[in-house]
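# Reading the structure
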Amino acid sequence: MDILRAEGISKTYRTGSVEVKALKQCSINIQKGDFTAVIGKSGSGKSTLLRILGTIDKPDSGKVYIDDTDISTLNNKSLARFRRTKIGFIYQDYSLVPEYTAYENIILPIILDGKKPDRDEVSRIMDILSIGHCLRKLPSQMSGGEQQMLAMGRALMSHPRMIVMDEPSMGLAPILVEQIFKIIQTLHEAGTTILLVEQNAQAALSIADRGYVLETGKIVTSGTGTELLASPEIKKAYL
Ligand code: ADP
Ligand code: MG
């Protein structure tokens, strides 16, 4: 069964008289348990695609189905709940609340869902992500890598069946990139569906089951991670 399906998604941004066709007729389908990577250079439309697939932005045309529900039929309240319970988001800018501590940030989705956070679980997740020492710190007192891990921890707290990530390796030291990709791989092995957009094609395609290549708003190629890594065009343009 497809956990997520997008059909013919298009999106144009208009700023004054300037138009940017950020996405042109993009279609993607992701099955339960899949690890899908979308690779593309800066400005190719990755974040736009991810926001639309993750239900936080609407396409101009085309449809997104999650578990066979056409999400355009949901009202804002059900959409917000849908998001919190079905999808764990890790945004490019982390979207942490600056005046909350790491602990408060990580339990936020649980509180919003009217549940009680399990302190032991928070500690366990923070230890796995090597940010156990940051519990009482504000995001501004944490490094970029620690903030990225915290954003990941927050996404994991609600045990989503699907995790959606916008360039988790961006701005991180190589050692942290390795660590974050290891964690992603462990989540995938535990059965979580993963959707990752990345400029770092090598890192993403070497662990993804399936990859899509996005160029100026269009999906130009797709295939297994191994196929794409071996393709001369991909090698030339991305590796
Ligand atoms: P990526 O994540 O691959 O870098 P984006 O999805 O952020 O790409 O952007 C795709 C294109 O759309 C770029 O040309 C970008 O400048 C433009 N764009 C993105 N967001 C906006 C916006 N809010 N308003 C106008 N143009 C935008
Ligand atoms: Mg982006």
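A short tour of the structure in this document, coming up. (Residues numbered from 1 in each chain as written. Chains lettered and ligands numbered in written order. Predicted model: local features only at pLDDT ≥ 70, side-chain atom pairs only at ≥ 80, totals over all residues. Heavy atoms only, no water.)

Moving on to unusual backbone geometry. For residues other than glycine, phi is negative in most cases, and the peptide bonds are mostly trans. Not every positive phi belongs to a glycine, and glutamine 25 is a case in point at roughly 50°. Considering the arrangement of structural elements, one finds glutamine 25 in strand S2 (residues 18–31). One non-glycine residue with positive phi stands out, namely serine 95, at about 50°. Positionally, serine 95 belongs in the loop between strand S6 (87–90) and helix H3 (102–112). Assessed through its relative accessible area of 32%, serine 95 is described here as partly exposed. (Helix = DSSP H or I, 4+ residues; strand = E, 2+ residues; numbered from the N terminus. Buried < 20%, exposed > 50% of the residue type's maximum accessible area, 1.4 Å probe, protein only.)

Attention now goes to the sheet that holds strand S7 (residues 162–166). One open sheet holds the six strands; their spatial order is S6-S7-S8-S3-S9-S10, and the pairing between them is mixed. The two strands at the open ends of the sheet, each matched to only one other strand, are S6 and strand S10 (218–224). The sheet shows a mean angle of 15° between the axes of neighbouring strands, direction not considered. Pairing of strand S9 (residues 210–215) with S10 involves six bridges; the strand directions are antiparallel. Note that in S10 the partner of leucine 214 across the bridge is isoleucine 219. Packed on one face of the sheet, helix H1 (residues 46–53) meets strand S3 (35–40), S6, S7, strand S8 (193–198) and S9 and runs near 155° to S8. On top of the sheet, helix H5 (residues 144–157) reaches S6 and S7; it is set at about 170° to S6, its chief contact. (Pairing = 2+ DSSP bridges. Axes fitted to C-alpha atoms, helices over the stretch in contact; angles between N-to-C directions. Contact = heavy atoms within 4.5 Å.)

In this section: the site of ligand 1. Surrounding ligand 1, one finds Tyr13, Thr15, Val20, Ala22, Lys41, Ser42, Gly43, Ser44, Gly45, Lys46, Ser47 and Thr48. Contacts to ligand 1 include glycine 43, whose backbone N or O atom sits 2.7 Å from an oxygen atom. Serine 47 has a polar side-chain atom sitting 2.9 Å from an oxygen atom of ligand 1. Of all the elements in the fold, those that place two or more residues in the shell around ligand 1 are strand S1 (2–15), S2 and H1. Looking at the shell around ligand 1, the element that brings in the most residues is H1, giving three residues. (Near = heavy atom within 4 Å. Polar contact = N/O pair within 3.5 Å; in protein donor to acceptor, adjacent residues only side chain to side chain.)

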